[in-house]
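If you want the building blocks of each chain, they are given just below.
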Amino acid sequence: QAPTGAGWPGAVAQTLFGAAAIWYGDLRQAEHQLTTALARFRDLGDRWGQAESLYLVGALAHIRGRYDQALQALDEAAELARHLGNTDQTIKLLAIAGNILVLSGDYPAALTRHEEALRLAQRLNLQSEIAFIRNGMGLSARRQGDYPLARAHHEHALAVYRRAHWQSGIALTHAWLG
């Protein structure tokens, strides 16, 4: 049990300890730290802290295959991020939610999230986010049997990653291209 202190600094510390616990695979500890941090941020009325904690709660639920719980947390986090004017975070949360919806087979809802994220990312010219979203859209197209569309999305993402020399993005996209 990590000492965290009181108030906002303590809630931030618990969020960080929760993120580290996810990284190290201690999912029970992660859940404890993150749900406690979220409750503390709610008590404090800190929407930024709530959004960050909810993102990690959603990531944890995603890891566990609890897609409905993940989507609920990510949707709430995205709404908070929108209200805070944090467009970058909103884009990331929408894209991840879209990818989870692909995994759960809800392709129309996935497309809605992906298209909103893509529109925002294009408006801000956030190329790495555009590539991430296009890979998610490619995965969706592939799972629906539209291989030409899937390839087009993945090739667009691959071009972005190559221009940025982002090796992990290149490798991931090649894996999805097959």
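Up top is the structure these notes are about.
A brief structural summary.

Rules used in this analysis
- Residues numbered from 1 in each chain as written.
- Predicted model: local features only at pLDDT ≥ 70, side-chain atom pairs only at ≥ 80, totals over all residues.
- Heavy atoms only, no water.
- Helix = DSSP H or I, 4+ residues; strand = E, 2+ residues; numbered from the N terminus.
- Rg over C-alpha atoms; globule rule 2.2 N^0.38 Å.
- Buried < 20%, exposed > 50% of the residue type's maximum accessible area, 1.4 Å probe, protein only.
- Areas by Shrake-Rupley, 256 points an atom, 1.4 Å probe, with all protein chains shown as cover.
- Lys, Arg positive; Asp, Glu negative; His and termini not counted.
- Charge placed at Lys NZ, Arg CZ, Asp CG, Glu CD.
- Axes fitted to C-alpha atoms, helices over the stretch in contact; angles between N-to-C directions.
- Parallel < 35°, antiparallel > 145°, perpendicular 65-115°, else oblique.
- Left-handed = near helix turned anticlockwise from the far one by under 90°.
- Contact = heavy atoms within 4.5 Å.
- Nonpolar A, V, L, I, M, F, W, Y, C, P; charged D, E, K, R; others polar.
- Patch = residues over 30% accessible without salt bridge, like charges linked within 9 Å, V, L, I, M, F, W, Y side chains within 5 Å.
- Salt bridge = Lys/Arg side-chain N within 4 Å of Asp/Glu carboxyl O.
- Core = buried A, V, L, I, M, F, W, Y, C linked by side-chain atoms within 4.5 Å.

### Here we look at the overall build of the protein chain
- Across its full length, the protein chain carries nine helices and zero strands.
- The helix and strand sequence of the protein chain, counted from the amino end, reads α-α-α-α-α-α-α-α-α.
- By the compact-globule yardstick of 16 Å for 178 residues, the protein chain fits well, its C-alpha radius of gyration being 17 Å.
- Projected onto its principal axes, the C-alpha coordinates of the protein chain cover approximately 55 × 30 × 30 Å.
- Among the 178 residues that make up the protein chain, the fraction classed as buried is 46%.
- For the protein chain, the computed accessible surface area is about 9100 Å², with 56% contributed by carbon and sulfur atoms.
- Between the averaged position of the 17 positive side-chain charges in the protein chain and that of its 16 negative side-chain charges there is a distance of 5 Å.

### Remarks on the packing of helix α7 (residues 127–143) against helix α9 (residues 167–177)
- Running from N to C, α7 and α9 point in directions that differ by 10°, and their axes come no closer than 11 Å. Classified by the interaxial angle, the pair formed by α7 and α9 is roughly parallel. The handedness of the crossing between α7 and α9 comes out as left-handed. Residues N135, G136, L139 and R142 of α7 pack against T173, W176 and L177 of α9.
- Here the residues of the contact of α7 with α9 sort into three nonpolar, three polar and one charged.

### Things to note about a nonpolar patch on the surface
- On the surface, a nonpolar cluster with roughly 400 Å² of combined accessible area is contributed by W8, L44, W48 and L84.
- Assignment of secondary structure puts L44 in helix α2 (residues 27–44).

### Things to note about the nonpolar core
- Formed by 29 residues in total, the largest nonpolar core has its most connected members in I22, L54, L74, L93 and I100.
- Contributing elements (two or more residues each) for this core: α1 (7–23), α2, α3 (47–63), α4 (67–84), α5 (87–104) and α6 (107–124).
- Sorting elements by how many residues they give to this core places α4 first, with eight residues.
- Residue contacts for L74: discarding those within four places in its chain leaves Y55, G58, L93, I96, A97 and I100.
- Among the nonpolar cores identified, the runner-up in size contains eleven residues, and I91, A95, A117 and L126 belong to it.

### Some remarks on the environment of R151
- Within the secondary structure, R151 is located in helix α8 (residues 147–164).
- In this structure R151 comes out as partly exposed when scored by relative accessible area, which is 44%.
- The sequence separation of R151 and G98 amounts to 53 residues, and the corresponding C-alpha distance is 18 Å.

Function-wise, these values are silent; they only describe arrangement.
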